[in-house]
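Listed below, chain by chain, are the residues.
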Amino acid sequence: MSEPSFQDDVLNELGDDKLAEIAGLLGTDTDGARQTVSETVGAMTGGLQEKAGDGDDEVRQAFAEVSEPPLQGVATLGGGLGGLLGGGMMAGVLAKVSKPVANAISKKTGIPAPTVMRVIELLIPVLMAVFAKRAAGKGAPTAGAPGSAAPGAAASEGPGLGDLLGEILGGKK
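This is a predicted model, so every value here is computed, not measured.

Conventions and cut-offs
- Residues numbered from 1 in each chain as written.
- Predicted model: local features only at pLDDT ≥ 70, side-chain atom pairs only at ≥ 80, totals over all residues.
- Heavy atoms only, no water.
- Helix = DSSP H or I, 4+ residues; strand = E, 2+ residues; numbered from the N terminus.
- Buried < 20%, exposed > 50% of the residue type's maximum accessible area, 1.4 Å probe, protein only.
- Areas by Shrake-Rupley, 256 points an atom, 1.4 Å probe, with all protein chains shown as cover.
- Axes fitted to C-alpha atoms, helices over the stretch in contact; angles between N-to-C directions.
- Parallel < 35°, antiparallel > 145°, perpendicular 65-115°, else oblique.
- Left-handed = near helix turned anticlockwise from the far one by under 90°.
- Contact = heavy atoms within 4.5 Å.
- Nonpolar A, V, L, I, M, F, W, Y, C, P; charged D, E, K, R; others polar.
- Salt bridge = Lys/Arg side-chain N within 4 Å of Asp/Glu carboxyl O.
- pLDDT = per-residue confidence, 0-100.
- Core = buried A, V, L, I, M, F, W, Y, C linked by side-chain atoms within 4.5 Å.

1. Re the overall build of the protein
Thinking step 1. The secondary structure content of the protein amounts to eight helices and zero strands.
Thinking step 2. Here the protein holds 173 residues, and 40% of them are scored as buried.
Thinking step 3. Working note: accessible area of the protein is about 8,800 Å², and carbon and sulfur atoms make up 54% of it.

Here you go:
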């Protein structure tokens, strides 16, 4: 209702120009691009949740990194390369889940996997920007854990990773 889905936040962060660029890559209109982006984002976040559920320390560290405000503010300057530089570990984690996601989306939609990979490459800095905004409490009203020192602290403790992922990705359905 008042809280947009994670996919909606990604689409809003993308903006019309990037969505049109993705539509061009896919050879479709913006509605087709929007649907493909939503499916791809859903698959990528699902892959992150699966890795986190398996106790993947790299995912935990990546979310802790994204949750903490950058010292130099590079991630807050925009969703482009600055966001990628500010979230190196998260970019690596997203890159790891991108190949299986590209293959799955390719099988589901018929879009060639290399084309889906190019779309994912455009989405990674946008995903990181949305993760950072939600972790900071700007994208989801409950994302900033009230009474705790920092969102990253909850992520590094271990048991809080599921809660952090739920808050950042918009909770369970």
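2. Considering the packing of helix 5 (residues 88–109) against helix 6 (residues 113–135)
Thinking step 1. Contact geometry of helix 5 with helix 6 gives a least axis separation of 9 Å together with a crossing angle of 140 degrees. In terms of their interaxial angle, helix 5 and helix 6 are classed as oblique. Considering the relative orientation of helix 5 and helix 6, their crossing is right-handed. Residue-level contacts link Met90, Ala91, Leu94, Ala95, Ser98, Lys99, Val101, Ala102, Asn103, Ile105 and Ser106 of helix 5 to Ala113, Val116, Met117, Ile120, Ile124, Leu127, Met128 and Phe131 of helix 6.
Thinking step 2. For the contact of helix 5 with helix 6, the per-class residue count stands at 15 nonpolar, three polar and one charged.

3. Some thoughts on the packing of helix 1 (residues 6–26) against helix 2 (residues 30–53)
Thinking step 1. Look at helix 1 against helix 2: their axes get within 8 Å of each other, and the N-to-C directions meet at 125 degrees. Between helix 1 and helix 2, the angle falls in the class oblique. Between helix 1 and helix 2 lies a crossing whose hand is right-handed. Here Phe6, Gln7, Val10, Leu11, Leu14, Leu19, Ala20, Ile22, Ala23 and Leu26 of helix 1 lie close against helix 2, whose contacting residues are Thr30, Ala33, Arg34, Thr36, Val37, Ser38, Val41, Gly42 and Thr45.
Thinking step 2. Of the residues that constitute the contact of helix 1 with helix 2, the class distribution is 12 nonpolar, six polar and one charged.

4. Description of the pattern of salt bridges
Thinking step 1. With the rule as written, the count across this model stands at four salt bridges.
Thinking step 2. Across the salt bridge formed by arginine 34 and aspartate 31, the nearest N and O atoms sit 3.1 Å from each other. With arginine 34 and aspartate 31 both in helix 2 and three residues apart, the pair spans about one turn of that helix.

5. Some words on the confidence of the model for the protein
Thinking step 1. Per-residue pLDDT for the protein has a mean of 74; in total, 65% of the residues score no lower than 70.
Thinking step 2. Considering each helix and strand of the protein separately, the mean pLDDT is smallest for helix 7 (residues 151–156), with a value of 38, and largest for helix 1, with 94.
Thinking step 3. Scored below 50 in pLDDT, residues 71–86 makes 19 contacts in the model with residues more than four places away or belonging to other chains.
Thinking step 4. Across residues 139–159 the pLDDT falls below 50, and counting only partners more than four positions away or on other chains, this stretch makes 27 contacts in the model.

6. Quick word on the nonpolar core
Thinking step 1. Grouped together as the largest cluster of nonpolar side chains are 37 residues, with contacts concentrated most on Val10, Ile22, Val37, Leu94, Leu123 and Leu127.
Thinking step 2. Secondary-structure elements contributing two or more residues to this core are helix 1, helix 2, helix 3 (57–67), helix 5 and helix 6.
Thinking step 3. Top element by residues in this core is helix 6. It accounts for 11 residues.
Thinking step 4. Other than its neighbours up to four places away in sequence, leucine 127 contacts Phe6, Val10, Val41, Met44 and Leu94.

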